[in-house]
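# Geometric and topological summary
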Amino acid sequence: MSLKIVVLAKQVPDTRNVGKDAMKEDGTINRAALPAIFNPEDLNALEQALKLKDAFPGSTVSLLTMGPGRAAEILREGLYRGVDQGFLLTDRAFAGADTLATSYALATAIRKIGDFDIIIGGRQAIDGDTAQVGPQVAEKLGLPQVTYAEEILNLDKKIRTITILRHIDGGVETVEAPLPLVVTVNGSAAPCRPRNAKLVMKYKRALGAQEKAALMQNGAELPYADLYETRPYLNLTEWSAADVDADLDQCGLNGSPTKVKTVMNISFQAKENKSLTGSDNDVEELVVELLSNHTIG
Amino acid sequence: MMNNIFVYLEIEGRTVADVSLELLTKGRKLATRQGCRLEAVAIGSQLDGIEAQVLPYGVDVLHVFDDPKLAPYTTQPHASVLIRLFKEEKPQICLMGATVIGRDLGPRVSSALKSGLTADCTSLEIGDHADGKTGKEYKDLLYQIRPAFGGNIIATIVNPEHRPQMATVREGVMKKEILDPKHPGTVVKHKVADYVPDTEYVIKVIDRHIQKAKHNLKGAPIVVAGGYGMGSREGFDLLFELAHELHAEVGASRAAVDAGFADHDRQVGQTGVTVRPKLYIACGISGQIQHLAGMQESKIIISINTDPDAPINAVADYVVVGKVEEVVPKMIKYYKAHSK
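Conventions used here
- Numbering of residues starts from 1 in each chain and follows the order in which that chain's sequence is written.
- Labels follow written order: the first chain is A, the first ligand is 1, and so on.
- Given that the model is predicted, a residue must reach a pLDDT of at least 70 before its local features are reported, and side-chain atom pairs must reach 80 or more before they are shown or counted; all residues, however, enter totals for whole chains, interfaces and linings.
- Note that the side-chain values use all heavy atoms of the structure and ignore hydrogens as well as water.
- Counting from the N terminus, the helices are the DSSP runs of H or I reaching at least four residues and the strands are the DSSP runs of E reaching at least two.
- For this measure, only C-alpha atoms enter the radius of gyration; the expected value for a globule follows 2.2 Å times N^0.38, where N is the number of residues.
- In what follows, residue pairs with any heavy atoms lying within 4.5 Å of each other are defined as contacts.
- For every accessible area listed, the method is Shrake-Rupley and the probe measures 1.4 Å; residues are considered covered only by the protein chains on display.
- Charge counting treats Lys and Arg as positive and Asp and Glu as negative, with His and both chain ends excluded.
- A charged residue contributes its charge at one atom only: NZ of Lys, CZ of Arg, CG of Asp or CD of Glu.
- Two kinds of site are reported from a 1 Å grid over the protein atoms alone, namely cavities, where a 1.4 Å probe fits but cannot get out, and pockets, open sets with protein on both sides within 12 Å along at least five of seven lines, and residues are called lining when an atom falls within 4 Å of a point.
- Grid points are joined across faces, edges and corners, and a volume is the space filled by probe spheres set on the points.
- Three residue categories are used. Nonpolar comprises Ala, Val, Leu, Ile, Met, Phe, Trp, Tyr, Cys and Pro, charged comprises Asp, Glu, Lys and Arg, and polar comprises the others, including Gly.
- Axis geometry follows a simple rule: fit a line to the C-alpha atoms, using only the stretch in contact for helices, then measure angles between N-to-C directions, giving values from 0 to 180 degrees.
- For classification, angles of less than 35 degrees are called roughly parallel, those exceeding 145 degrees roughly antiparallel, those between 65 and 115 degrees roughly perpendicular, and all remaining angles oblique.
- When the near helix sits turned anticlockwise from the far one by under a right angle, the crossing is termed left-handed; a clockwise turn instead gives a right-handed crossing.
- The quantity reported as buried area is the accessible area (1.4 Å probe) lost by two parts once they are put together, taken as the sum for both.
- Salt bridges are counted wherever a side-chain nitrogen of Lys or Arg sits within 4 Å of a carboxyl oxygen of Asp or Glu.
- Here a polar contact means two N or O atoms within 3.5 Å. Within protein one must be a hydrogen donor candidate and the other an acceptor candidate, and residues neighboring in sequence count only if both atoms are side-chain atoms.
- A pair of Phe, Tyr and Trp rings is counted when the ring centres sit within 6.5 Å of each other, with Trp represented by its six-membered ring. The angle between the planes then sorts it: under 30 degrees is stacked, over 60 is edge-to-face, the rest tilted.
- Placement of a charge over a ring requires the Lys NZ or Arg CZ to be within 6 Å of the ring centre, with the centre-to-atom vector within 35 degrees of the ring normal.
- Helix span, as expected, comes to 1.5 Å for every residue beyond the first.
- Only protein chains enter the area calculation, which uses a 1.4 Å probe; residues under 20% of their type maximum are buried, those over 50% are exposed, and those in between are partly exposed.
- Here a strand pair is declared whenever DSSP counts at least two bridges between the two strands.
- An automatic or database domain assignment provides the domain bounds reported here.

### Observations concerning the overall build of chain B
Along chain B, the regular secondary structure elements total eight helices and 18 strands. Taking 20 Å as the expected radius of gyration for a compact globule of 340 residues, we find that chain B reaches 22 Å, a close match to that expectation. Principal-axis analysis of the C-alpha atoms places the extent of chain B at approximately 65 × 55 × 40 Å. A separation of at least 24 residues holds for 64% of the contacts in chain B among residues at least 6 apart in sequence. Summing over all exposed atoms, chain B offers an accessible surface of approximately 13500 Å²; the carbon and sulfur share of this is 50%. When the 40 positive and 41 negative side-chain charges of chain B are each reduced to one mean point, those points stand 1 Å apart.

Below, the structure written as structure tokens:
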């Protein structure tokens with residue numbers, strides 16, 4: 001038995017390295033100032049998928065993401081590492097989705113992909129940290145879920161069960177679950193393998209439809225246009241809401257029960273503070289003061 | 001009466017988790033504000049007498065689902081209980097701990113009920129809301145307030161049309177407080193089979209290890225915390241040295257944890273531990289909102305940073321402008337000299 005694996009991934013702004021220019025005057029985020037990256041825990045998930053593919057030859061790994069045209073970037077990153085096919089779910093109708101509407105859209109796309117044994121993604125994305133999309137996709141598809149996974153320990157093809165080591169509060173547990181299921185992987189799991197040089201050569205010109213359109217703006221000719229006819233795998237699949245038969249009332253802002261009421265770039269009430277230097281004198285004075293008012297000692 | 005406030009109780013062994021008791025305390029205040037009842041849901045095994053731990057927090061109704069198959073926790077049976085119970089009871093608000101269990105269970109339940117869920121709230125309030133587009137007005141919604149976008153902004157989330165309004169909150173964010181040791185509450189024992197079909201028991205827990213916590217960061221009276229500015233795991237050794245002298249615990253910012261300088265369980269902030277020590281020494285921490293959310297209630301805050309304009313300095317009582325690797329050894333030296 002070979003396995004059919006779907007990896008869920010998100011392109012995210014790199015919120016870990018937010019500089020001072022990342023916030024606009026009005027307190028909103030200047031997304032342009034942040035690099036877009038492959039969500040880190042989704043890379044941990046991809047590695048678990050690729051390990052299964054190594055262990056069960058003939059298995060296929062599909063990478064599914066939702067986002068704007070430029071999110072095709074992470075499909076290429078997946079192909080460079082051993083993914084067999086990528087799907088970009090992209091439509092204005094998906095914009096403004098909260099986790100519920102996101103899960104709905106992903107679930108419709110997974111149904112379109114059809115045949116699957118394991119759906120696997122990162123525990124959470126660094127731009128929201130909610131950890132909600134995995135369990136919600138599982139619920140939408142009526143599948144069991146195993147979250148906070150550290151490692152897939154075993155997969156029994158005959159009886160179609162998977163054994164997974166996962167984190168719980170203050171410890172770990174091992175669970176046995178039936179296939180198909182949804183798994184979300186913790187950031188402490190094995191890191192993703194690097195790009196494979198041969199695969200980079202093979203896929204470096206792979207493009208999504210929106211990326212091609214952007215290159216052909218103002219009548220410019222698409223570079224290496226012939227390649228996309230002779231090598232169909234260079235055309236990355238893009239799906240709209242209509243392509244996956246999505247109910248528009250459940251997509252994007254419409255399908256999101258949660259609304260952002262206000263967003264504030266909060267400034268804390270500045271306390272009156274004592275400013276010191278790192279000199280011996282100042283530090284000694286500080287320590288003596290803390291000792292005398294019994295804060296320390 | 002319908003539309004009450006529900007809290008899911010997390011139970012390890014036969015003990016209700018602190019985070020659940022903290023949420024009962026908050027839930028009691030919200031219920032009083034809304035003029036509704038506070039209800040709690042206990043799902044597990046051997047729960048006889050569990051009400052003694054719960055009712056004093058002001059719980060009016062405790063729902064008990066007691067069956068050997070419900071412990072240890074697995075997702076679907078617990079989700080099935082909440083989904084069916086909430087369809088009957090129609091709560092206006094449901095609160096859960098932002099623990100591994102709460103973050104596994106909450107989204108599954110909210111998806112089935114098509115309700116909203118806001119993770120890792122740092123504050124919950126009641127207020128009105130006017131929809132900008134439709135102009136529709138909503139009274140007494142739950143404001144779900146949380147740092148967002150890596151902790152660089154604070155967002156207030158509302159859930160105007162769908163119920164229950166669901167939120168998760170980390171342990172330590174709310175304070176637990178007994179309302180009345182003799183608070184009268186009703187205990188309702190439900191028949192589990194009516195809520196959980198056998199087909200939901202699909203995952204088997206075959207092995208489980210809970211380790212005793214290696215440290216008590218949450219309860220430490222003094223915390224020495226390091227940020228990305230510590231530069232390396234070795235850089236943190238200096239903080240452990242100072243912490244050892246002061247009988248303190250070592251904490252870390254998210255940036256330092258992400259960089260691998262400190263273990264994940266030492267992370268202070270919205271997505272880590274919330275601390276309220278009498279002294280917090282922030283070393284090389286710039287002070288993202290998500291970090292400040294987890295330590296700003298410390299009684300005295302010292303910031304040691306080369307940047308005199310680091311955001312954390314705004315909440316500090318003492319700002320030492322200097323290099324951590326020079327200032328901390330001096331603190332150790334003068335502490336040793338003067339503490340005897």
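### Remarks on empty space enclosed by the protein
The full count for this structure, using the stated rule, is five cavities of 30 Å³ or more. Its boundaries defined by the atoms lining it, the largest cavity holds a volume of some 80 Å³. Lining the largest cavity, in full, are Gln145, Val146, Thr147, Arg166, Glu173 and Val175 of chain A together with Tyr73, Thr74, Thr75, Asp104 and Ile203 of chain B. With three residues, strand E7 (residues 145-156) of chain A is the single largest residue contributor to the lining of the largest cavity. Residues that form the lining of the largest cavity fall into these classes: four nonpolar, four polar and three charged.

### A look at the packing of helix H8 (residues 280-292) of chain A against helix H8 (residues 324-338) of chain B
At their nearest, the axes of H8 of chain A and H8 of chain B sit 9 Å apart, and the two run at 50° to each other. It follows from the interaxial angle that H8 of chain A and H8 of chain B lie oblique. Handedness of the H8 of chain A/H8 of chain B crossing: right-handed. Facing Asp280, Val283, Glu284, Leu286, Val287, Val288 and Leu291 of chain A of H8 of chain A, the residues of H8 of chain B in contact are Val327, Lys330, Met331, Lys333, Tyr334, Tyr335 and His338 of chain B. By residue class, the composition of the contact of H8 of chain A with H8 of chain B is nine nonpolar, one polar and four charged.

### Structural notes on the interface of chain B and chain A
Tallying the contact residues gives 81 residues for chain B and 83 residues for chain A. When chain B packs against chain A, close to 6800 Å² is buried across both sides, 57% of that on carbon and sulfur atoms. Its largest share of buried area at the contact with chain A, chain B owes to Val100, Phe149 and Tyr318 of chain B, together 11% of the area lost on that side. Across the salt bridge formed by Lys204 of chain B and Glu176 of chain A, the nearest N and O atoms sit 3.3 Å from each other. Between chain B and chain A we count 36 residue pairs in polar contact (both at pLDDT 80 or more) in total. For the side of chain B that touches chain A, the leading source of residues is helix H4 (residues 100-113) of chain B, giving nine residues.

### As for the packing of helix H4 (residues 133-141) of chain A against H4 of chain B
Contact pair H4 of chain A / H4 of chain B: the axes reach a minimum separation of 8 Å and the direction vectors enclose 45°. On the basis of the axis angle, H4 of chain A is oblique to H4 of chain B. Here H4 of chain A and H4 of chain B pass one another in a crossing that is right-handed. Along the contact surface, H4 of chain A presents Pro135, Gln136, Ala138, Glu139 and Lys140 of chain A, while H4 of chain B presents Arg103, Asp104, Pro107, Arg108, Ser110, Ser111 and Ala112 of chain B. A breakdown of the residues in the contact of H4 of chain A with H4 of chain B according to their chemical character gives four nonpolar, three polar and five charged.

### Remarks on the packing of aromatic side chains
Taken as a whole and assessed by the stated rule, the structure comprises five aromatic pairs over all chains. With a centroid separation of 5.6 Å and 80° between ring planes, the pair formed by Tyr203 of chain A and Tyr233 of chain A is classed as edge-to-face. Here Tyr203 of chain A, found in helix H5 (residues 197-203), pairs with Tyr233 of chain A, found in the loop between helix H7 (227-230) and strand E11 (237-239); they are 30 residues apart in sequence, far enough to count as distant. A ring pair is formed by Phe65 of chain B and Tyr195 of chain B, whose centres lie 5.0 Å apart and whose planes are at 75°; its orientation type is edge-to-face. You can see Phe65 of chain B sitting in strand E5 (residues 61-66) and its partner Tyr195 of chain B sitting in the loop between strand E12 (186-189) and strand E13 (204-210), a full 130 residues away along the chain. Seen from the ring of Tyr233 of chain A, Lys202 of chain A lies directly overhead, with NZ or CZ sitting 4.9 Å from the centre. The lysine or arginine in question, Lys69 of chain B, covers the ring of Tyr201 of chain B, its NZ or CZ lying 4.9 Å from the ring centre.

### A closer look at H8 of chain B
With 15 residues, H8 of chain B ought to run about 21 Å at 1.5 Å a step, and its terminal C-alpha atoms sit 21 Å apart, in line with that. Within H8 of chain B the residues assigned to the buried category are Val324, Val327, Val328, Lys330, Met331, Ile332, Tyr334 and Tyr335 of chain B. Where H8 of chain B is buried, its residues meet H8 of chain A together with helix H5 (233-246), strand E16 (279-283), strand E17 (300-305) and strand E18 (318-321) of chain B.

### Considering the sheet that holds strand E8 (residues 123-130) of chain B
Pairing within the open sheet is antiparallel, and its four strands lie in the order E12(A)-E10(B)-E9(B)-E8(B). Lying at the two open borders of the sheet, with one neighbouring strand each, are strand E12 (259-264) of chain A together with E8 of chain B. Averaged over all pairs of adjacent strands, the angle between strand axes in this sheet comes to 35°, irrespective of strand direction. The strands that helix H1 (residues 18-34) of chain B touches are E8 and strand E9 (137-148) of chain B; relative to E8 of chain B, the one it contacts most, it runs at about 30°.

### Quick notes on the sheet that holds strand E7 (residues 117-121) of chain B
Residue and element names in this part refer to chain B. Strand order across the open sheet formed by seven strands is E7-E11-E6-E1-E4-E5-E12, with parallel pairing between neighbours. Since the sheet does not close on itself, it has two edges, and those belong to E7 and E12, each with one partner. Sheet twist, expressed as the mean angle between neighbouring strand axes with direction ignored, is 20°. Bridge analysis of strand E1 (residues 5-9) against strand E6 (residues 93-97) gives three bridges, and the strand direction is parallel. Across the sheet, the residue bridging to Phe6 is Cys94, located in E6.

### Points about the domain arrangement of chain B
For interface size, the figure often reported is the accessible area lost on association. Residue and element names in this part refer to chain B. When cut into domains, chain B gives domain 1 (5-200) and domain 2 (222-338). Counting from both sides, the interface comprises 15 residues of domain 1 and, opposite them, ten residues of domain 2. With both chains or domains summed, domain 1 and domain 2 bury close to 980 Å², and 47% of this area falls on carbon and sulfur atoms. Across the domain 1-domain 2 interface, the total number found is one salt bridge. Two residues, Lys175 and Glu297, come together in a salt bridge whose shortest N-O distance is 3.9 Å. Connecting domain 1 to domain 2 are five residue pairs in polar contact (both at pLDDT 80 or more). For the side of domain 1 that touches domain 2, the secondary-structure elements that each account for two or more residues are E9 and strand E10 (153-158).

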